[in-house]
Amino acid sequence: MKSDRHQSKTLSAFRSASFIRLLLHLHPRQVPEQAIVLTHTWGLGGMALVLFLLQIVSGVFLLFVYKPDIAGAYDSVVSLQRNVLFGGFLRNIHHWSANFLVPISLLHMLRAFYTGAFCGARSFNWIIGLCLLTMVLGANLTGYLLPWDQMAYWAVTICTGMLDYIPLVGSSLKHLLQGGAEVGSATLSNFFVLHVMMFPLCLVVLLAFHFWRIRNAGGVVLPRMAGEAILPSKRMVPSAPNLVVRELAMAAAVLAVIFMLAALLDAPLQATANPGLSPNPSKPPWYFSGFQELFLHLHPTIVVLVLPLLSVVGLCLLPYLIYETKTEGVWFASTTGRKTALFAAVVAIFGTLASILLDEWLLKGGGASHSQSGQSWLRMLAAGGILIAMAGPSLFARKYFSAGKTEMVQAALTFALTTMVILTVIGVWFRGPGMALMWCGWR
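Residues numbered from 1 in each chain as written. Predicted model: local features only at pLDDT ≥ 70, side-chain atom pairs only at ≥ 80, totals over all residues. Heavy atoms only, no water.

1. Examining the overall build of the protein chain
A tally of regular secondary structure across the protein chain gives 14 helices and two strands. Expressed as a percentage of the 443 residues in the protein chain, the buried residues total 42%. Sequence separation of 24 or more characterises 80% of the internal contacts of the protein chain that already satisfy a separation of 6 or more. Accessible surface, the protein chain as shown: approximately 24,100 Å² in total, 71% of it carbon and sulfur. (Helix = DSSP H or I, 4+ residues; strand = E, 2+ residues; numbered from the N terminus. Buried < 20%, exposed > 50% of the residue type's maximum accessible area, 1.4 Å probe, protein only. Contact = heavy atoms within 4.5 Å. Areas by Shrake-Rupley, 256 points an atom, 1.4 Å probe, with all protein chains shown as cover.)

In structure tokens form, the structure reads like this:
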């Protein structure tokens, strides 16, 4: 009898200890006082987690009504909005949380990059972060098709059509993803499985690994400005309630914003998908609009193969470059880093706008005198010009700002990121019928 009681107590203690250890993977017992100071970038990772959990919860409820086949998908979404109590509100929550998850995840990664929290013990966690961002984009794209309306059908048609321009394997990848030669019933089934099973499962596993790596690396990096001294002895405060209360307040604020948007703005839903009637213009989801804009100016193979391949390789190699100084926690690595990043952003803004306007005038406004082969050669030269332009800010920073390798890398990434932001903004708001450039593209 005593033996049974002893075993029961031992098992209970073991379970309690295991539960405590699990909680400690999320929060240590104590954190530096600086870690709970609210700043403009505080809690971005927590915001992304809240939005992901909101996606899971709202998505589970949507599955009670949604029918994953082309005969019933659109009607089930319409029925959800019209006949189910708070059905439209729930779909709006799912829609807006998905759209906010992309920029919040990106901003979280940029915070890690610009504060040097991607090197050393955090190198592999940077790779995990890249995988998480990819999974988020994949989950959003696969979920985009599920309403099976005109906007969703043609947006996915554009995205999958881009795969045709990948040499050798592009058509096979497109056929595998679509489940056939065109977007249809098999595509909807494939995207449904990917959206509700594969991507969420991958995200859960990667998030757990991501949190464990953060704890293993010593916790979150505390950002500071260049020249700001590191306190030799940081004052430690209990995680509960100091950090926990702030995180709950942040989560409540995120939920309030999403719920307010869900109450005021409905998720778009056009007429049911019609493969024979293409809307004008046809655009991909906003987070891929930058690639569509590049298609208008560069050779397609450059857009879907060369630039993405260089971007992936470059981003994966970032943590493993040998930097002169350790700049963990310092915004932009130094005062020089802030100057070079600002210079690269300004060059990217004016250079991108000037290049787009020049291309519109040269190849479209005066395009009647240019042959197709001439346009192709010009677009190939433009691609080479972009690659050279990406190195320009880094070389200029090295020469005129006496920048080190860290500042040069920041300048190059800032240039590329700013360029994609400008391309995305133009693709979403300034492209009208026929993908013509319009000053009032949002009309």
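Next comes the rest of the account.
2. Points about the pattern of salt bridges
A full pass over the atoms with the stated rule returns three salt bridges. Between Glu328 and Arg122 there is a salt bridge, with the nearest N and O atoms lying 3.4 Å from each other. Placement of Glu328 in the loop between helix H11 (300-317) and helix H12 (335-365) and of Arg122 in the loop between helix H4 (87-114) and helix H5 (123-145) is noted, with a sequence separation of 206 residues between them. According to the relative accessible area criterion, Glu328 is partly exposed, its value standing at 32%. For Asp164, the salt bridge goes to Lys174, with nearest N and O atoms at 2.8 Å. Taken as a pair, Asp164 in the loop between helix H6 (150-161) and helix H7 (170-178) and Lys174 in helix H7 lie far apart in primary sequence, ten residues in all. Taking the relative accessible area as the measure of exposure, Asp164 reaches 35% and is therefore partly exposed. With relative accessibility at 16%, the residue Lys174 sits in the buried group. (Salt bridge = Lys/Arg side-chain N within 4 Å of Asp/Glu carboxyl O.)

3. Describing the nonpolar core
Within soluble globular proteins, side chains that are nonpolar tend to cluster in buried spots. By size, the foremost hydrophobic cluster in this structure holds 49 residues, and its most contacted members are Tyr66, Leu145, Trp148, Leu188 and Ile258. Put simply, the parts of the chain that give this core at least two residues each are helix H2 (44-62), helix H3 (73-83), H4, H5, H6, helix H8 (185-216) and helix H9 (239-264). If sequence neighbours within four positions are ignored, Leu145 has contacts with Ala152, Tyr153, Val156, Val183, Thr187, Leu188 and Phe191. Membership of the second largest hydrophobic core comes to 15 residues, among which are Met109, Phe113, Phe118 and Leu133. (Core = buried A, V, L, I, M, F, W, Y, C linked by side-chain atoms within 4.5 Å.)

4. Comments concerning unusual backbone geometry
Cis geometry marks the peptide bond from Asn280 to Pro281, where omega comes out at 5°. Within the secondary structure, Pro281 sits in the loop between H9 and helix H10 (289-295). Although it is not a glycine, Trp148 sits at a positive phi angle of roughly 55°. A positive phi angle is found at Met435, which is not glycine, with a value near 60°.

5. Things to note about the packing of aromatic side chains
Under the definition given, this model contains 18 aromatic pairs. Considering the side-chain rings of Phe124 and Phe209, the 6.1 Å spacing of their centres and the 65° angle between planes classify their relative orientation as edge-to-face. Of this pair, Phe124 sits in helix H5 while Phe209 sits in helix H8, and the two are 85 residues apart along the sequence. Using a relative accessible area of 37% as the deciding quantity, one classes Phe124 as partly exposed. Aromatic rings pair up to connect Phe113, Tyr114, Phe118, Trp126, Tyr323, Trp331 and Phe332 into one cluster. (Phe/Tyr/Trp six-rings, centres within 6.5 Å; stacked < 30°, edge-to-face > 60°.)

6. Here's the deal with the confidence of the model for the protein chain
For the protein chain, the average pLDDT comes to 84, and 83% of its residues sit at 70 or higher. Predicted confidence is poor over residues 13-20, with pLDDT under 50, and the contacts of this stretch with residues over four places away or in other chains come to two contacts. Predicted confidence is poor over residues 366-374, with pLDDT under 50, and the contacts of this stretch with residues over four places away or in other chains come to seven contacts. (pLDDT = per-residue confidence, 0-100.)

7. Comments concerning the packing of H4 against helix H14 (residues 405-429)
Where H4 contacts H14, the axes come no closer than 12 Å and their chain directions differ by 160°. It follows that H4 is roughly antiparallel to H14 by the angle criterion. Crossing handedness for the pair H4 and H14: left-handed. Residue-level inspection shows Leu106, Leu110, Phe113 and Tyr114 of H4 in contact with H14, the latter providing Val409, Gln410, Leu413, Thr414 and Leu417. Taken together, the residues of the contact of H4 with H14 sort by class into seven nonpolar, two polar and no charged. (Axes fitted to C-alpha atoms, helices over the stretch in contact; angles between N-to-C directions. Parallel < 35°, antiparallel > 145°, perpendicular 65-115°, else oblique. Left-handed = near helix turned anticlockwise from the far one by under 90°. Nonpolar A, V, L, I, M, F, W, Y, C, P; charged D, E, K, R; others polar.)

8. Concerning the environment of Thr336
When you line up the elements, Thr336 lands in helix H12. Accessibility expressed as a relative area gives 24% for Thr336, which makes it partly exposed. Taking the C-alpha atoms as reference, Thr336 lies 8.9 Å from Gly404; in sequence the two are 68 residues apart. Setting aside residues up to four positions removed in sequence, Thr336 forms contacts with Phe401, Ala403 and Glu407.

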